[in-house]
Amino acid sequence: MFYIIAVDTVTIRKGYDEKFPAGKIISRHKNEDVALERFLKLERQADKVENIAMVEDVSGHAVSDIVPKLAEKALADRREKMGLQLAGELVRQDRGEEIDNPHFFAAWLEELGLTIDELRAEFGERAAAALEENEKERQAFAERMARINAVESSVAERSEVTFSFPAVKGIQAGSEYYTAQVPFKFLVKLFRFDDEAVPPEARAQRNLNERHAQDIADYILENRLEFVLPAITASVSSEMAFEGLQVSGAGSRVGVLHIPLDATLLINDGQHRRRGIELALKSMPMLSDETIAVTLFFDHGLQRSQQMFADINANAKKPSSSLSALYDQRDPFNGFCLHLLEQLPDIRRRIEFESSSVGAKSFKLWSLVSFKKFVTLLTGVSKRNIADYDEAYRKDITAAVITFFEKARAHVPMWDLMLAGTVSAQEMREQYVVAHAVFFEALGLYGAAMVESEVVRGKKEGVDRFEAMSLLESLNPDRTAQMWEGRCVVAGRMQKTADGVKGTAAILMSQSNLVLPPSVAEVENRLGALLN
């Protein structure tokens, strides 16, 4: 029987107010759902919700009976429930989760009259056990749902011969899945991808790009001691059996996954990683015992596999080339450019490192990608040839680039104001060509011969390799100036193309009375003819 009882004096507001003393039974019910519905209604009508409770008891009592022991039992049940709930929050916090509502936690803890240490001592062990049991039930339900939703309507008895991998099981969208650690040698034997001969609508993957796969293989082989490969996602056509290990705090989620020998393991995402590993193994068989994480789902058929591929790739966002360059420490050219920026603090603080382009209202002026392009145009040093330059030569190049920027700041119109922040970057972009990437790269082309002369011939008494830059002072930087039209400005809008960069460089070289190199002269002649 379920009783709703006053655990302390309470007034119920109905058509009239009725006061109930502590221990008085307000109503009783045989059905728990009916009792709960009545209890929630009375809570809304009570002047003090904490003074009524619902309690289950086998003894027979009538409505309006005053039963102090039943009120005590209700309070004890409430305390037990509240203590286990709060202790459960502490257990989850110990596992790295956050307490849902710290304010209520503190209030309820005060109501219990316990400290956190006392709460742990009295309820901690039972709360942890309850969480473990709840997790087991949740995992069991998810496993049933995964199998019910699988293509096969019935689940056959597990084959005696299986492949077994250490794994962790989890739940997504109410269905169970597994993350297994698969050795490379088994990955290439067991996991397959759709044949490229199959039409796209009958496949769950795109065609395999052998060049991309070879790039992954080269990456593995070249970084044998520090390569990193993200997880592969695959579907399994047969029943998988998971053997959980009794590890405290894991809720039977850690264990061994058994996959039938005759199962088809189809890759939904990661076919190029799998092929890259296969190619790497041919060159270095000793990699065979290395492992990669594979996330495994029950096979729900082609349509579901195609949707998984679409979802994974639609929600995966590739980092910007600027951010990748910033973090890629293996690329010596990246390191060279970042070292340059350390010597140029005024330039560095105006570089956008996280995006490949600069926002219209950004304080930044150029992206790291544009800066790297500028460096290559100015110095001839690139990702491909950086290894050809020794440390001493790079040091000379760095000194020459620093000098070039000093001269640019002194002679390029508006640059000093721009770098000092006297004129905002937004205003500079709106009114002048000198704040745009196309002009920046053109400036690199323009200064290449000067930097080369500075590095190769060295400094001689009375010789300024950058003297011609002083003639840039009379340059009109306004983007509405006719000289920029058809080069870096098209129909009033800034535009960066290969010809636009060379055409803009031609203007700078002509302004400084410099001889145009053949590639720039060819573009200038072509653009000049078109503009005329």
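*Asks:* How would you explain the side chain of S27 if you had to name every residue and give the values?
*Replies:* By the element assignment, S27 lies in strand β4 (residues 25-29). Within the structure, the side chain of S27 is placed 3.0 Å from the side chain of H29, a separation counted as a polar contact. Beyond its immediate stretch of four places on either side in the chain, S27 contacts F2, Y3, I4, R38, L42 and V63.

*Asks:* Got a sec to walk through the confidence of the model for the protein? Specific residues and values, please.
*Replies:* Caution applies to low-pLDDT parts of the model: their predicted coordinates are not meant to be read in detail. When pLDDT is averaged across the protein, the result is 81; 83% of the residues are at 70 or more. Of the regions scoring below 50 in pLDDT, residues 150-159 engages in 17 contacts with residues more than four places distant in sequence or in other chains.

*Asks:* Please give an account of the pattern of salt bridges that cites residues and values.
*Replies:* What the rule picks out here adds up to 17 salt bridges. Between R273 and D269 there is a salt bridge, and its shortest N-O distance comes to 3.2 Å. Taking relative accessible area as the criterion, D269 reaches 10% and is therefore assigned buried. Between R409 and D346 there is a salt bridge, with its nearest N and O atoms 2.5 Å apart.

*Asks:* Residue-level account of a negative patch on the surface, with values.
*Replies:* Judged by side-chain charge, D8, D17, D47, E50 and E111 come together as a negatively charged surface patch. Among the structural elements, E50 can be located in the loop between α1 (32-45) and β5 (52-56). The partly exposed category is assigned to E50, whose relative accessible area is 42%.

*Asks:* Could you give an account of the packing of aromatic side chains, naming the residues involved and the relevant values?
*Replies:* One pass over the full model with this rule turns up 19 aromatic pairs. Aromatic pair W366 and W415: ring centres 5.6 Å apart, planes at 40°, arrangement tilted. With W366 in strand β15 (residues 366-367) and W415 in helix α14 (residues 415-420), this pair connects stretches of sequence that are 49 residues apart. The pair W366 / W415 is uniform in exposure class, with both members buried. When the centroid spacing of 6.3 Å and the interplanar angle of 75° are considered together, the rings of F404 and F405 count as edge-to-face.

*Asks:* Just give me the short version of the layout of surface pockets, but keep the residues and values in it.
*Replies:* In this structure, the second largest pocket encloses a volume near 630 Å³. Lining the second largest pocket we find 20 residues, and of these F39, A53, M54, R78 and K81 sit closest to its centre. Listing elements by their share of the lining of the second largest pocket, those giving two or more residues are α1, β5, α2 (68-94) and α3 (102-112). Considering every element that reaches the lining of the second largest pocket, the biggest residue donor is α2, with six residues. In terms of residue class, the lining of the second largest pocket is built from eleven nonpolar, one polar and eight charged.

Criteria and thresholds
- Residues numbered from 1 in each chain as written.
- Predicted model: local features only at pLDDT ≥ 70, side-chain atom pairs only at ≥ 80, totals over all residues.
- Heavy atoms only, no water.
- Helix = DSSP H or I, 4+ residues; strand = E, 2+ residues; numbered from the N terminus.
- Polar contact = N/O pair within 3.5 Å; in protein donor to acceptor, adjacent residues only side chain to side chain.
- Contact = heavy atoms within 4.5 Å.
- pLDDT = per-residue confidence, 0-100.
- Salt bridge = Lys/Arg side-chain N within 4 Å of Asp/Glu carboxyl O.
- Buried < 20%, exposed > 50% of the residue type's maximum accessible area, 1.4 Å probe, protein only.
- Patch = residues over 30% accessible without salt bridge, like charges linked within 9 Å, V, L, I, M, F, W, Y side chains within 5 Å.
- Areas by Shrake-Rupley, 256 points an atom, 1.4 Å probe, with all protein chains shown as cover.
- Lys, Arg positive; Asp, Glu negative; His and termini not counted.
- Charge placed at Lys NZ, Arg CZ, Asp CG, Glu CD.
- Phe/Tyr/Trp six-rings, centres within 6.5 Å; stacked < 30°, edge-to-face > 60°.
- 1 Å grid on protein atoms, 1.4 Å probe; cavity = no way out; pocket = protein on both sides within 12 Å on 5 of 7 lines; lining within 4 Å.
- Points joined across faces, edges and corners; volume = space filled by probe spheres on them.
- Nonpolar A, V, L, I, M, F, W, Y, C, P; charged D, E, K, R; others polar.

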